[in-house]
Amino acid sequence: MAVNLTQNTTASIGHNADVHLLAPTAGVSALSLEAYNETVSHQKVKLDSGGAIALADTEGRVNSIANATTSIGDTGSVVADVGDLSLAAWGSADLGSRAAATTYGLAGAPSGRAYATYFGTNNVTLGQNVRLEASDGIEPTNATPPSSGTIALSAGTGLDGRPETIKLATTVDLYNKTAIPISTTPDAQATVHSNGTVTIGAETVGATPVSGGVYGVNAAGDISLTASRGNIDATAVGTGKDIYREELAKAASAISNVFGGGDVTFDYHGGTVTKDGQGLVAINGLVDTGLQRQKSIVFNYDPGCDTQNGACIASTIGYNIKYSTSGPEVVGTDILGRVDELNKL
């Protein structure tokens, strides 16, 4: 018996699209784009045979293909004036297959196979000439660090940073109560192939976006690029028992225990686990952070104030740089005092 599952999930912003998150009146804006697959399948095959069956064979298979893709098409533009941008492609899987066979009387010896196979592909892809930009964040005027203005691209992890979880468990149990011994090893197999890829496309030399700025991944705050195959937990356990071999094991265990040894078993065992995959980040274009790292402020003379009462400074509002003034000070006295200090050296 076989169960075949295929999931193809896509979250995309198309070619030549222009998405612009304007600065809100308060707080920050956010855009999250996510493709997610969740696969759950458990299978159990059981055979009890006491008749004249020459071959008592059980088989259970679960095959899963899960593809998650989040993308921005060629020449697409996604810009947040003040806020965060997050793209993720990931999933989770919980697959199980169990085969159990019990034979007695005139039936033949049992055999069994339980297979679980998972092929997972998670892709976050930016096409050619894509502008992805978080232009600004929150910039306090006190000593606290800036926040927001970030970009996160994650393949194999979610928007919140949680890694993909893949769990496979296969079990084969054979119980032989006939005179014919088990002739094959209990065949349990768990196979996982999982890959996560983040791809940033190239820019055409000399080209600039119609919306302004530059092509590539640009942010005022942090940029995180994460690719992972996920957390994989796979087990495969096959066990076969012959009734007459169990009697031999009991006798051997009794002798072994007399001499301080442990129990002896003549059970058949099998099971194969295969796990592979990778996380890959392919950067073919620009990745640039710190868009707001350069700040300036202009001080102008305020002709409408009295220099005898205070500093006559007028600054342009909106530079987000905190400053304070003092004075007025008697210039001549300060200079003479400084000269005295230097003479004492």
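A quick note: this is a predicted structure, and the numbers were derived from the prediction, not measured.

## A few points about the overall build of the protein
- A count of helical and extended segments in the protein gives two helices and 19 strands.
- Of all 345 residues assigned to the protein, the portion counted as buried reaches 37%.
- Long-range pairs, those at least 24 residues apart, make up 83% of the contacts in the protein with a sequence separation of at least 6.
- Carbon together with sulfur atoms contributes 53% to the accessible area of the protein, which is approximately 18,200 Å² in total.

## Some points on the sheet that holds strand 11 (residues 187-200)
- Taking strand neighbours across the sheet as the criterion, the five strands line up as 1-4-7-11-16 in an open arrangement whose pairing is parallel. The sheet is open, and its two borders are formed by strand 1 (2-13) and strand 16 (272-283), each paired with just one other strand. Each adjacent strand pair in this sheet contributes to an overall mean axis angle of 5°, direction not counted.
- Judged from the twelve bridges that link them, strand 1 and strand 4 (residues 56-72) form a sheet pairing that is parallel. The residue bridging Thr9 from the neighbouring strand is Ala68, located in strand 4.

## Points about the pairing of strand 5 (residues 77-80)
- Burial along strand 5 is two-sided: Ser77 and Val79 and Val78 and Ala80, pointing in opposite directions, are all buried.
- Sheet topology note: the strand 2 (residues 18-21)/strand 5 ladder contains four bridges and is parallel. Looking across to strand 5, one finds that Leu21 is bridged to Ala80.
- As paired elements, strand 5 and strand 8 (residues 131-134) share four bridges and run parallel to each other.

## Quick word on the environment of Ala56
- Residue position: Ala56 is located in strand 4.
- The buried category is assigned to Ala56, whose relative accessible area is 0%.
- Counting along the chain gives 55 residues from Ala56 to Ser111, while the straight-line C-alpha distance between them is 6.4 Å.

## Some details on the confidence of the model for the protein
- Confidence in the prediction for the protein averages 84 pLDDT; 82% of positions are at 70 or higher.
- Mean pLDDT across the secondary structure elements of the protein bottoms out at helix 1 (residues 243-258), with 53, and peaks at strand 9 (residues 151-155), with 97.

## Considering the environment of Gly304
- Here Gly304 shows up in the loop between strand 18 (299-301) and strand 19 (313-315).
- With relative accessibility at 72%, the residue Gly304 sits in the exposed group.
- Distance in space between the C-alpha atoms of Gly304 and Ala314 is 10.0 Å, their sequence separation being ten residues.

## Remarks on the sheet that holds strand 5
- Read from one edge to the other, the open sheet built from five strands follows the order 2-5-8-12-17, with strand pairing classed as parallel. Every other strand in the sheet has two partners, leaving strand 2 and strand 17 (287-289) as the edge strands with one partner each. Geometrically, the sheet is characterised by an average inter-axis angle of 5° between neighbouring strands, direction not taken into account.

## What about the packing of aromatic side chains?
- This model, assessed by the stated rule, comprises one aromatic pair.
- Here Tyr36 and Trp90 contribute two aromatic rings whose centre-to-centre distance is 4.8 Å and whose plane-to-plane angle is 50°, an arrangement assigned as tilted. Of the two residues, Tyr36 is situated in strand 3 (residues 29-49) and Trp90 in strand 6 (residues 83-104); the sequence distance between them amounts to 54 residues.

## Looking at the nonpolar core
- Counting 25 residues, the largest nonpolar core has Ile72, Leu126, Leu132, Ile151 and Leu153 as the members making the most contacts within it.
- Setting aside residues no more than four positions away along its own chain, Ile151 makes contact with Leu85, Leu132, Glu133, Ala134, Val217, Asn218, Ala219, Asp222, Ile223 and Ser224.
- Counting residues in each nonpolar core, the second largest holds 19 residues, with Val62, Ala114, Tyr118 and Ala190 among its members.

## Regarding the environment of Thr191
- Within the secondary structure, Thr191 sits in strand 11.
- In this structure Thr191 comes out as buried when scored by relative accessible area, which is 14%.
- A sequence separation of 85 residues divides Thr191 from Asp276, and the C-alpha atoms of the two residues are 8.5 Å apart.
- Residues within four places of Thr191 in sequence aside, it is in contact with Ala116, Thr117, Tyr118, Leu168 and Thr274.

## Considering the side chain of Gln43
- Tracing the backbone through its elements, the reader meets Gln43 in strand 3.
- Residue class for Gln43 comes out buried when judged on its relative accessible area of 7%.
- Not counting residues within four places of it along the chain, the set of residues in contact with Gln43 comprises Met1, Ala2, Val3, Gly60, Arg61, Val62, Gly96, Ser97 and Arg98.

Rules behind the numbers
Residues numbered from 1 in each chain as written. Predicted model: local features only at pLDDT ≥ 70, side-chain atom pairs only at ≥ 80, totals over all residues. Heavy atoms only, no water. Helix = DSSP H or I, 4+ residues; strand = E, 2+ residues; numbered from the N terminus. Buried < 20%, exposed > 50% of the residue type's maximum accessible area, 1.4 Å probe, protein only. Contact = heavy atoms within 4.5 Å. Areas by Shrake-Rupley, 256 points an atom, 1.4 Å probe, with all protein chains shown as cover. Pairing = 2+ DSSP bridges. Axes fitted to C-alpha atoms, helices over the stretch in contact; angles between N-to-C directions. pLDDT = per-residue confidence, 0-100. Phe/Tyr/Trp six-rings, centres within 6.5 Å; stacked < 30°, edge-to-face > 60°. Core = buried A, V, L, I, M, F, W, Y, C linked by side-chain atoms within 4.5 Å.

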